[in-house]
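As a plain string of letters, each chain reads:
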Amino acid sequence: MKQAYPVFIAKQDKDFLVYVPDMDLYTEGNSVADAMEMARDAIGLKGIDMEDSGIELPNPSNQAQALEKAKQDADIFDYSQGTLTLVDVDFSEYRKKMDNKTVRRNVTLPNWLNLQAEKAGINVSRVLQEALMAKLNVSK
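Read on for an overview of the structure.

Rules behind the numbers
- Every chain begins its residue count from 1, and numbering advances along the sequence as written.
- Where totals are concerned, whole chains, interfaces and linings use all residues; where local detail is concerned, this predicted model gives features only for residues with pLDDT of at least 70, and gives and counts side-chain atom pairs only at 80 or more.
- By convention in this description, side-chain values take in all heavy atoms of the structure and omit both hydrogens and water.
- A side-chain nitrogen of Lys or Arg and a carboxyl oxygen of Asp or Glu constitute a salt bridge if their distance falls within 4 Å.
- Secondary structure is summarised from DSSP: a helix means a run of H or I of at least four residues, a strand means a run of E of at least two, and numbering begins at the N terminus for each.
- With a 1.4 Å probe rolled over the protein chains alone, any residue whose accessible area is under 20% of its type maximum counts as buried; one over 50% counts as exposed, and the rest are partly exposed.
- Any two strands with at least two DSSP-identified bridges between them are counted as paired.
- Helix axes use the C-alpha atoms of the stretch in contact, all axes being lines fitted to C-alpha atoms, and the angles between their N-to-C directions lie in the range 0 to 180 degrees.
- To sort the angles, those under 35 degrees are grouped as roughly parallel, those over 145 as roughly antiparallel, those from 65 to 115 as roughly perpendicular, and the leftovers as oblique.
- Throughout, a residue-residue contact means that at least one pair of heavy atoms, one from each residue, lies within 4.5 Å.
- Each residue is assigned to one of three groups, with Ala, Val, Leu, Ile, Met, Phe, Trp, Tyr, Cys and Pro labelled nonpolar, Asp, Glu, Lys and Arg labelled charged, and all others, Gly among them, labelled polar.

**Focus on the pattern of salt bridges**
- The final tally for this structure, using the stated rule, is 7 salt bridges.
- Between Glu 37 and Arg 40 there is a salt bridge, and its shortest N-O distance comes to 3.2 Å. Of this pair, Glu 37 and Arg 40 both sit in helix H1 (residues 32–52), 3 residues apart, which is roughly one turn of the helix.
- Its salt-bridge partner being Lys 96, residue Glu 93 comes within 3.4 Å of it at the nearest N-O pair. With Glu 93 and Lys 96 both in helix H3 (residues 91–98) and 3 residues apart, this pair spans about one turn of that helix.
- We classify Glu 93 as partly exposed; its relative accessible area is 41%.
- Note on Lys 96: relative accessible area 35%, which makes it partly exposed.
- Within this structure, Lys 2, Glu 37, Arg 40 and Asp 88 form a network of salt bridges that share partners.

**So, the pairing of strand E2 (residues 15–20)**
- Counting buried positions along E2 yields 5 of 6 residues, so the element is predominantly enclosed.
- Taken together, the 5 bridges between strand E1 (residues 2–12) and E2 define a ladder with antiparallel strand orientation. Residue pairing for E2: Ala 10 is matched across the bridge by Leu 17.
- The turn joining E1 and E2, which pair antiparallel and follow one another in sequence, is formed by 2 residues; a positive phi near 55 degrees is taken by Asp 13.
- In this structure, E2 lies alongside strand E3 (residues 25–29), joined through 5 bridges in antiparallel fashion. Bridging from a neighbouring strand, Val 20 pairs with Leu 25 of E3.

**Here's the deal with the packing of H1 against H3**
- Where H1 contacts H3, the two axes come as close as 10 Å, and the packing angle between them is 90 degrees. Between H1 and H3, the crossing angle belongs to the class labelled roughly perpendicular. Contacts from Arg 40, Asp 41, Ile 43, Gly 44, Leu 45, Gly 47, Ile 48, Glu 51 and Asp 52 of H1 reach H3 at Phe 91, Tyr 94, Arg 95 and Met 98.
- Partitioned by chemical class, the residues of the contact of H1 with H3 number 6 nonpolar, 2 polar and 5 charged.

Written as structure tokens, this is what we have:
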């Protein structure tokens, strides 16, 4: 699922401070482009954490709603004076990118097939991954 969330970017000294009102996130970058990438990363991480916890992702606010949230949260820093932009995140792609940990699965093979695979120097785990990706019609 792909979403575009409103993000405020405000320059303070040499830093570009970032506020994502819909997810109550704060981050920063050393340039506008870096700030946008940091926002995308923060949104992606929080989004997949929310999904894993069974929490529904918030719908992106419109400009007026985002501005109102930023003004309400201006106790320490007024992000509403910064630049409002949209940052898109494809949560499915982000999950693929970030969730590359391996898991151990037991697979049962006939002994003769296992011996043939070993003799041929075939990595059974890799073949299984490739077969599952083909069957599911997905790629890395």
